[in-house]
Amino acid sequence: MRFVLKTNYAQDINLFLHNGQRFWYGLLIAALILAPFFLENFYIGELTYLFIWVIAGAGLMLLIGYTGLVSMGHAAFMAIGAYAHAVLFKLGVPFLPSLLMAALISGFLGAIIGVAALRMTGIYLAVATISFAFIIEKVISAWRPVTGGHRGFIVPEPVMFGVDFGSDLVFYFLCLVIVVVVMLLVMNLLRSPTGRAMVAVRDSEISAQAMGVNLVQTKTLAFTLSAAFTGLAGALYSHKIGMLFPENFTIFLSIKLLMLVVVGGLGSVHGIVFGAMFISILPQVIAIVRDFLPSWLAYRRGLEPLVFGAILLFFLMYEPLGLYGRWVKIRAYFTQFPLYRKSTFKRQKSYLRTERVH
Amino acid sequence: MSVFEAKEIGVSFGGVRAIHDVSFAVEKGEIFSIMGPNGAGKTTVFNLISRFYDLDQGDLFLNGERISNIPPHEVAARGVARTFQNTELFENETVLQNLLTAHHTHRRTSFLSEMFFFPKVRRQELKFRETVEDIIDLLHLQSYREQRIDALPFGARKIVELGRALCLEPQLLLLDEPSSGLNPEETEDLSFWIEDINEELGVTIIMVEHDMNLLGQVSGRVMALSDGELLTIGTPDEVREHPDVISAYLGE
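Residues numbered from 1 in each chain as written. Chains lettered and ligands numbered in written order. Predicted model: local features only at pLDDT ≥ 70, side-chain atom pairs only at ≥ 80, totals over all residues.

1. Points about helix α7 (residues 184-199) of chain B
All names here are of chain B. In this model, α7 (16 residues) spans 23 Å end to end at C-alpha, consistent with the 22 Å of a helix rising 1.5 Å per residue. Within the sequence span of α7, burial applies to L190, I194 and I197. Relative to the axis of α7, the buried residues are bounded by an arc of 65° and lie together on one face. When the buried face of α7 is taken as reference, the exposed residues oriented beyond 90 degrees from it are P184, E185, F192 and E199. Those residues of α7 that are buried lie in contact with β3 (31-35), α6 (154-167), β7 (172-176), β8 (204-208) and α8 (212-218). (Helix = DSSP H or I, 4+ residues; strand = E, 2+ residues; numbered from the N terminus. Expected span 1.5 Å × (residues − 1). Buried ≥ 20, exposed ≤ 12 C-beta atoms within 10 Å, placed from the backbone. Arc of directions from axis to C-beta. Contact = placed C-beta atoms within 7 Å.)

In structure tokens, the structure reads:
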């Protein structure tokens, strides 16, 4: 078990607590840089998808995990990012600026939804965001001159300065850089006043206001940043799938993203990565298990959503802190062995809450 | 000039007149207490000052400026901090994070500079941390620093909440029943802290309190409320012996 002797306040501000962490994260980055030179194309592609899910998940985690605003329509922001980027790029905007502009457009629409959603929380907000996602889906399928509707929209090969970003290798490194940058931005935000304001809004709106947190500003900002990151993920996703259809961005994708943050672990940055790994691996596992199922069940439509839904429910009921929470418990078990007590993570509920004034 | 003044304030919820025509002024450096039976409207007065409720009549003034129609976070930005009767902390965060959050009104950085964590953000964080540590030392919270709120006993939560309010570096502090849920020893500590906060930090305090001993020890003037109406304002002894106050508590 490691005890860190803190000798100055900067240690609590730094991203890494001790050199051990620096070493392991450095090793992870090094492994990710070397990986594509040893892996087959299929696995490079899968890793790229993983990065895209991490970027989208980072956006949603800020909103659900840290600000406590539930969105069940984040597929809409992925769609906005994907179509905005594809259309702009086709119109001749260079590749990287077009990615950025897609994120900004998505963030702008997120801000509008954020303002509209200010007075809503919980289930009402979830329903409102689902409706927003349906509207976006319908707009995409109806706005044929721009989006191509159900006939689809071919995303052009991403080339800039003569570099073909479409090749698996280059695109992999592009996504890797963006993932690292996005994660750093999110972690910086969380260790500064804005991040604390978001958490304050999540835990107690009334108390947040009493501490001088501007609810309107904080919630709108959370929605904007969340939509921008998810939109950026959508823009990258458009190149991975090559052809855009409205069917790529249905409620099923929204639930997949929701599952990412819930299964990963609400309110943890590690949870984003764990959740992204989980939703990348799950479809493969389902495909493998399918071979062992009786045929009347294996090829029935809806098997995958059923499994997704069941797992989501399972985590909500039995491990609300997700895979990250489970990992923390397992780690505590081994570092404290044989002294680990099951009740370490039991929290006493406080039934005394100030009378709500809303 | 008074630090805080309420002029003929009133509010009704449906047909219930929670506060009716109450006026009082609090001088700089004073410890002003509000007492009254259950449902007298003591916490409602606090919620009106914090601007969680809108006034139906009357006006509130802070340093002579009208605050009757500014949003709640503006009230905090002008130096009014408060605690809640049954504590209202950020449950999933550590004590340290809770105290740091209270520095929100002193923030001078934008979210963009925070996302890139420019040197000035780091300097600001260090400054916040130093003042938080001062409060931790003042209230002896060292052993709780890294603990999550939901793992703390109720008494400790009350003290953390007091500390969080102090981190806002307020000029006016509203304490809603600070001693409820504390044992006699903790209440004793609390009375010393309240005096320290008042005298050494120069904070004006308005306090809702039931504990007559605590009231008698620390407060200068006491206001008695009953059914939303002002009964009397005076020293603790005067108020305790006032016939209207006795009949409000004990009946005719």
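2. Observations concerning the pairing of strand β1 (residues 4-13) of chain B
Residue and element names in this part refer to chain B. Bridge analysis of β1 against strand β2 (residues 16-26) gives seven bridges, and the strand direction is antiparallel. Its bridge partner being in β2, S12 is matched across the sheet by R17. What sits between the antiparallel neighbours β1 and β2 is a turn of two residues, in which G14 has the positive phi angle 60°. Here five bridges tie β1 to strand β4 (residues 57-62), and the two strands are oriented antiparallel to one another. Across the sheet, residue K7 finds its bridge partner in β4, namely D59. (Pairing = 2+ DSSP bridges.)

3. What to know about the sheet that holds strand β10 (residues 229-234) of chain B
Residue and element names in this part refer to chain B. Spatially, β6-β7-β8-β3-β9-β10 is the arrangement adopted by the six strands of the open sheet, whose pairing is mixed. Only two strands of the sheet have a single neighbouring strand rather than two, namely β6 (80-82) and β10. Sheet twist, expressed as the mean angle between neighbouring strand axes with direction ignored, is 20°. As defined by bridge partners, β3 adjoins β8 across four bridges and the pair is classed as parallel. Following the sheet pairing, I34 is matched in β8 by V208. Along the sheet face, helix α10 (residues 243-250) touches β9 (221-226) and β10 and points at about 130° away from the line of β10. (Axes fitted to C-alpha atoms, helices over the stretch in contact; angles between N-to-C directions.)

4. With respect to the interface of chain B and chain A
Counting from both sides, the interface comprises 39 residues of chain B and, opposite them, 32 residues of chain A. Going through the elements one at a time, α2 (72-77), α3 (95-101), α4 (111-115) and α5 (119-138) of chain B are the ones with two or more residues in the side of chain B that touches chain A. Element by element, the count of residues in the side of chain B that touches chain A is highest for α5 of chain B, at five residues. Residue classes in the side of chain B that touches chain A are distributed as 18 nonpolar, 11 polar and 10 charged. (Nonpolar A, V, L, I, M, F, W, Y, C, P; charged D, E, K, R; others polar.)

5. As for the sheet that holds strand β5 (residues 65-66) of chain B
All names here are of chain B. The strand order β2-β1-β4-β5 describes an open sheet built from four strands, whose pairing is antiparallel. Each edge of the sheet is formed by a strand with only one pairing partner; in this case those strands are β2 and β5. Its contacts with the sheet put helix α1 (residues 42-49) on β1, β2 and β4, and the angle it makes with β2 is roughly 70°.

6. Let's talk about the environment of H270 of chain A
Residue and element names in this part refer to chain A. If you trace the backbone, H270 turns up in helix α13 (residues 269-290). In this structure the C-alpha to C-alpha distance between H270 and L323, which are 53 residues apart in sequence, comes to 9.1 Å. Beyond its immediate chain neighbours, meaning those up to four positions away, H270 contacts G265 and Y324.

7. Concerning the confidence of the model for chain B
Fine structural detail should not be taken from predicted coordinates in areas where pLDDT scores are low. The predicted model of chain B averages 92 in pLDDT, with 100% of residues at 70 or higher. Model confidence for the complex is summarised by a pTM of 0.90, with the ipTM given as 0.91. (pLDDT = per-residue confidence, 0-100.)

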